[in-house]
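Spelled out, the chains give:
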Amino acid sequence: MSPPVRAARSARSLDAAPAGAIRIIGGQWKRTRLPVARHPGLRPTPDRVRETLFNWLGQDLRGWRCLDAFAGTGALGLEAASRGAAAVQLVERDAALVERLHGLQQRLRADTVRVQRGDGIAALERAAPASIDLVLLDPPFDSALSGPALRCATRALAASGFIYLEAPDAWSDAQLAPLGLALHRHLKAGAVHAHLLRHAPAG
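For every chain, the first residue of its written sequence is number 1, and the numbers climb from 1 along that sequence. Confidence filtering applies because this is a predicted model: local features only for residues at pLDDT of at least 70, side-chain atom pairs given and counted only at 80 or more, and all residues used for totals across whole chains, interfaces and linings. Water and hydrogen atoms were dropped before computing side-chain values, which therefore reflect all heavy atoms in the structure.

**A look at the side chain of Ser82**
As a reminder of what qualifies: Starting at the N terminus, helices and strands are each numbered in turn, a helix being any DSSP run of H or I of at least four residues and a strand any DSSP run of E of at least two. Think of a polar contact as two N or O atoms within 3.5 Å of one another; within protein, one of them needs to be a possible hydrogen donor and the other a possible acceptor, and neighboring residues in sequence only count if both atoms come from side chains. Here, two residues are considered to be in contact whenever any of their heavy atoms come within 4.5 Å of each other.
Tracing the backbone shows Ser82 in helix H3 (residues 75–82). Within the structure, the side chain of Ser82 is placed 2.6 Å from the backbone oxygen of Gly26, a separation counted as a polar contact. Apart from residues no more than four positions distant in its own chain, Ser82 is found in contact with Ile24, Gly26, Gly27, Gln28, Trp29 and Lys30.

**Focus on the pairing of strand S7 (residues 157–167)**
Going by this rule: Burial here depends on accessible area, computed with a 1.4 Å probe over protein chains only, as a share of the maximum for the residue type. Under 20% is buried, over 50% is exposed, and the range in between is partly exposed. Pairs of strands are assigned from DSSP output, requiring at least two bridges between the strands. If you view a crossover with the strands going away from you and the path from the first strand over the helix to the second runs clockwise, you call it right-handed.
For S7, the buried fraction is high: nine of the eleven residues fall into the buried class. Sheet topology note: the strand S6 (residues 132–137)/S7 ladder contains five bridges and is parallel. Each residue of the ladder has a partner; that of Ile132, found in S7, is Leu157. Where the polypeptide runs from S6 across helix H6 (residues 146–156) and back to S7, its parallel neighbour, the crossover connection is right-handed. Bridging between S7 and strand S9 (residues 192–199) involves five bridges; their strand directions are antiparallel.

**Here's the deal with the packing of helix H2 (residues 47–57) against H3**
Counted only if it meets this: Angles here are taken between N-to-C directions and fall from 0 to 180 degrees, while the axes themselves are lines fitted to C-alpha atoms, restricted in helices to the stretch in contact. We call two directions roughly parallel when the angle between them is under 35 degrees, roughly antiparallel when it is over 145, roughly perpendicular when it lies between 65 and 115, and oblique otherwise. Helix crossings fall into two classes, left-handed where the near helix is turned counterclockwise from the far one by less than a right angle and right-handed where it is turned clockwise. Side-chain classes are defined by residue name, with Ala, Val, Leu, Ile, Met, Phe, Trp, Tyr, Cys and Pro counting as nonpolar, Asp, Glu, Lys and Arg as charged, and the others, Gly among them, as polar.
Between H2 and H3, the least distance of the axes is 11 Å, while the angle of their chain directions is 40°. By the criterion of interaxial angle, the relationship of H2 to H3 is oblique. Considering how the two elements wind past one another, H2 and H3 form a crossing that is right-handed. Between H2 and H3, the contacting residues are Arg50, Leu53 and Phe54 on the first element and Ala75, Leu76, Glu79 and Ala80 on the second. Here the residues of the contact of H2 with H3 sort into five nonpolar, no polar and two charged.

**Observations concerning the pattern of salt bridges**
Heads up, the condition is: Definition used for salt bridges: Asp or Glu carboxyl oxygen within 4 Å of a side-chain nitrogen of Lys or Arg.
Taken as a whole, this structure holds six salt bridges when the rule is applied. With a shortest N-O distance of 2.6 Å, Arg50 and Glu79 are connected by a salt bridge. Highlighted residues: Arg50 in helix H2 and Glu79 in helix H3, separated in sequence by 29 residues. The same class applies to Arg50 and to Glu79, which are both buried. One salt bridge in this structure joins Arg62 and Asp60, with 2.6 Å as the shortest N-O distance. Take Arg62: its relative accessible area is 65%, and that puts it in the exposed class. On the accessibility criterion, Asp60 (41% relative accessible area) is partly exposed.

**Comments concerning the sheet that holds S6**
Strands belonging to one sheet form pairs held by backbone hydrogen bonds; the direction of such a pair is parallel or antiparallel. Taken together, the seven strands give an open sheet; going across it, the order is S5-S4-S3-S6-S7-S9-S8, and neighbouring strands pair in mixed fashion. Two strands close off the open sheet at either side, each with one partner strand: strand S5 (113–117) and strand S8 (181–189). Along the sheet, successive strands turn relative to each other by an average axial angle of 15°, direction set aside. Both strand S4 (residues 87–92) and S5 contribute to a ladder of five bridges, which runs parallel.

**A short note on the environment of Ile163**
By secondary structure assignment, the location of Ile163 is in strand S7. A relative accessible area of 0% places Ile163 in the buried class. Residues Ile163 and Leu136, 27 residues apart in the sequence, show an inter-C-alpha distance of 6.1 Å. Discounting chain neighbours no more than four positions away, the residues touching Ile163 are Val135, Leu137, Leu150, Ala153, Thr154, Leu157, Leu181, His195, Leu196 and Leu197.

**Quick look at unusual backbone geometry**
A positive phi angle, close to 55°, is found at Arg109, a residue other than glycine. With a phi angle near 55°, Ala130 is a residue other than glycine that sits in the positive phi range. Secondary-structure assignment places Ala130 in the loop between helix H5 (120–126) and S6. The class of Ala130 is partly exposed, set by a relative accessible area of 42%.

**With respect to helix H4 (residues 95–108)**
Formally: Helix span, expected: 1.5 Å multiplied by one less than the number of residues in the helix.
Between its first and last C-alpha atoms H4 spans 20 Å; for 14 residues at 1.5 Å apiece the expected length is 20 Å, and the two agree. Residues of H4 that are buried include every one of Leu97, Val98, Leu101, Gly103, Leu104, Gln105 and Leu108, and no others. N-capping of H4 is provided by Asp94, with a side-chain oxygen placed 3.0 Å from the backbone N of Ala96.

Below you can see the structure in the form of C-alpha cells.
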C-alpha cells in the first residue's frame, strides 16, 4: 500500500539538503529524494547500480528480511523497504548519519525499517543463523572490511538468500569459494564493482 500523500510530501521536503540528494528508484517511495550529507567517506551507491541490483532481485521483496550493514545514506535498505521488504535493519556507526536515518524513517513512516547505531559486522554476528534474506554490504572502499563482513554475512544468510557486495575490486570465484559463496551477478560501473552472491551449491 502506498504511504499517505502527506508522508510522501514530507519526505520530499528533504530535497533542500545543500549537499545534494539521490532518489529512491522504485516501489512505494519511487522518486522520493534522500539527502546526501557532506561526510568523509560517504559514497552513495549510484542510481544505475541500485536499479540494476533490484532488477536482478526482482521488484517485489514482500516478506524479505534485510540487513544493511553499512547504511550511510540508507539508500540500499530503503530501496528494499520501498519494494515491500518485511523487515529492514539499517546499521550505521556515525552518529550524524544515524540521526539523518532516523529522520528519514519517521518522514517516510517506514514502519518496517529499524535504524541502529553500531557496527555492521557485529550486527551480522548477532543475527540468528540463516535468518536474513538479503544482506547489503557497502563498506568504505579504503577499509579492509569486505572479507570479515562476508564471513559473518554468510552465516546469517538464509538458504535461498542473497548478499550484495559493493567493492573497489572484483571478487573472484577463487576468493569466494572458501567463504561458501558463489557469484550470481556482477556489474562494473566506474570505480564500483557490484556483486550479487549466493550460497555455493553443495558438492
